[in-house]
Amino acid sequence: MSVTLHTTLGDIKIEVFCESVPRTAENFLALCASGYYDGCTFHRNIPGFLTQAGDPTGTGKGGSSATGLPIPLEIRAALRHHARGVVSMAHRGAKKKAAPGDPAAEAGAHSQFFITYAPQPNLDNNHTVFGKVISGLETLEDLERVPVDEKQRPLSPVTIKNVTIHANPMAH
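Here the structure is a predicted model, which is why all the values come from computation and not from measurement.

Calculation notes
- Residues numbered from 1 in each chain as written.
- Predicted model: local features only at pLDDT ≥ 70, side-chain atom pairs only at ≥ 80, totals over all residues.
- Heavy atoms only, no water.
- Helix = DSSP H or I, 4+ residues; strand = E, 2+ residues; numbered from the N terminus.
- Buried < 20%, exposed > 50% of the residue type's maximum accessible area, 1.4 Å probe, protein only.
- Phe/Tyr/Trp six-rings, centres within 6.5 Å; stacked < 30°, edge-to-face > 60°.
- Contact = heavy atoms within 4.5 Å.
- Pairing = 2+ DSSP bridges.

S.K.: Hey, could you go over unusual backbone geometry for me, with residue numbers and the actual values?
M.R.: Of note in the backbone geometry, N125 takes a positive phi value of approximately 65° without being a glycine. Mapped onto the fold, N125 is located in the loop between β7 (108-116) and β8 (129-135). Judged by its relative accessible area of 52%, N125 is exposed. In this structure, Q152 is a non-glycine residue whose phi angle is positive, near 65°. Structurally, Q152 can be placed in the loop between α2 (137-144) and β9 (160-166). Given the relative accessible area of 31%, Q152 is considered partly exposed.

S.K.: How would you sum up the packing of aromatic side chains? Please name residues and give values.
M.R.: Applying the stated rule across the entire model yields 5 aromatic pairs. Ring centres of F28 and Y37 lie 5.5 Å apart, and the angle between their planes is 40°; on these two criteria the pair is classed as tilted. For the pair F28 and Y37, one class covers both residues: buried. Both rings, one in F28 and one in F130, keep their centres 4.7 Å apart while their planes meet at 50°; by these two values the pair is tilted. A residue pair is termed long-range when its members are at least 10 positions apart, and F28 in helix α1 (residues 22-33) and F130 in strand β8 qualify at 102 residues. Across the pair, exposure class does not vary: F28 and F130 are buried alike. Counting every residue linked through ring pairs, the aromatic cluster contains F28, Y36, Y37, F113 and F130.

S.K.: How would you sum up the environment of M89? Please name residues and give values.
M.R.: Following the sequence through the fold, M89 ends up in strand β6 (residues 86-92). A residue is classified by how much of its surface remains accessible, and M89, at 2% relative accessible area, is buried. With 36 residues separating them in the primary sequence, M89 and A53 have C-alpha atoms 9.8 Å apart. Beyond its immediate sequence surroundings of up to four residues, M89 is in contact with T24, N27, A109, H110, S111, Q112, F113, F114, H127, T128 and F130.

S.K.: Tell me about the pairing of β8, and please be specific about residues and values.
M.R.: Note: strand β2 (residues 10-16) against β8, 4 bridges, orientation antiparallel. The partner of I14 across the bridge, within β8, is V133. Pairing of β6 with β8 involves 3 bridges; the strand directions are antiparallel. Note on β8: the bridge partner recorded for V87 is G131.

As C-alpha cells, then:
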C-alpha cells in the first residue's frame with residue numbers, strides 16, 4: 001500500500017507499512033481517504049532533522065485521529081529512524097495528571113506525521129514508524145531548502161493539495 005502526497009512543491013510517494021503497524025496505517029489511510037490532509041501545510045521544517053504536517057489548523061497543536069481517540073504507539077524494533085525519508089506519527093505525550101483509564105493518560109498519535117531529512121536514532125522507541133518515501137526525494141530536498149522563521153515555520157507555505165491512495169506501492 002502506498003500514497004502520494006501531492007504538494008505545492010511536487011509529489012512525495014510513501015510506502016505504508018500496513019502489516020507491521022496496522023492501527024497506525026489504518027488511521028493514516030482513513031485520514032488520507034477522507035480528504036483530511038487536503039490543504040494541510042508543512043507547519044514545521046527543520047533542515048537536517050525533519051518536516052512535519054497533518055494539522056489542519058496549521059499551528060502544530062491540532063489534529064485528530066480518524067476515530068477521535070489517540071492511536072496507541074506501535075513501536076517495532078525493525079522499524080527505525082535510520083535514513084532520510086522515514087515517515088512517523090507525531091504524538092502528544094502522555095499526561096501525567098490524567099486519571100488511570102483516561103485516554104489522555106496514554107501517549108498516542110492523532111493526525112500529525114513527520115518525514116526525516118536524515119537518520120534520527122534519537123526518535124527510535126518514541127514514535128511509530130509507519131512508512132518510507134519511495135519516490136519524490138527531489139521534492140523532499142526542495143522542502144528542506146524552504147526558508148523558515150525562528151519557530152521553524154516555512155516563510156512560504158508548502159501545502160498538501162490532496163492525496164492519492166495506491167493499492168500497490170509500485171503502481172504509478
